[in-house]
Amino acid sequence: MLVVDKPQDMKKYVGKEIGVSDWVVVDQPTIDKFADATGDHQWIHVDVERARRELPTKETIAHGYLTLSLIPRLSQTIYKIAHRSRGVNYGLNKVRFTNMVPAGARVRLRQTIKQVDDMPDGSFRITSESVVEIEGRDRPACVAENIGIVYP
């Protein structure tokens, strides 16, 4: 895990891959909880029997937004800024869901720092390329350019 002292220390990692997270299992109970939280109960996500009959994967698949929502969790295992007061998600520049995540698959995050900007209030805007990989698959599940703001 990369540990830096202050938010501005992330500037030295611009253009560099900073690490790869631990693997996390995306199981059916997790998918079901996400469906309940979002109200997205499309059968490809929650109907195990129908998926077995009708989907080429023969398994339900995770919501794309579930995959995207794992980025903050996985990122915590890649890097830490030791001295900061808080951090917030600012947004996304681009998101692509490039592969399906079947129930039971393991995913991990590969992260590269693209840009670190000084903000007028003394905070730092950090833009990262985040690639969510699926174990055993060549194509990632998600590629996103996400932005966070970190306060000293």
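Scroll up to find the structure.
Keep in mind that this is a model prediction, so the values were computed, not measured.

Q: I'd like a rundown of the pattern of salt bridges, residues and numbers included.
A: Pairing is possible between side chains that carry opposite charge, provided their charged atoms lie close to one another. Across all of its chains, the model carries nine salt bridges by this definition. With a closest N to O distance of 2.7 Å, E133 and R110 form a salt bridge. With a gap of 23 residues between them, E133 in strand β7 (residues 124-134) and R110 in strand β6 (residues 105-118) connect regions that are remote in the sequence. Given a relative accessible area of 17%, E133 falls into the buried group. Owing to a relative accessible area of 24%, R110 belongs among the partly exposed residues under this scheme. Of the charged contacts in the structure, one is a salt bridge between K114 and E145, with a shortest N-O distance of 2.8 Å. Taken as a pair, K114 in strand β6 and E145 in strand β8 (residues 142-151) lie far apart in primary sequence, 31 residues in all. Each of E17, R108, R110 and E133 takes part in a single network of salt bridges with overlapping partners.

Each value, and the rule that gives it
- Residues numbered from 1 in each chain as written.
- Predicted model: local features only at pLDDT ≥ 70, side-chain atom pairs only at ≥ 80, totals over all residues.
- Heavy atoms only, no water.
- Salt bridge = Lys/Arg side-chain N within 4 Å of Asp/Glu carboxyl O.
- Helix = DSSP H or I, 4+ residues; strand = E, 2+ residues; numbered from the N terminus.
- Buried < 20%, exposed > 50% of the residue type's maximum accessible area, 1.4 Å probe, protein only.

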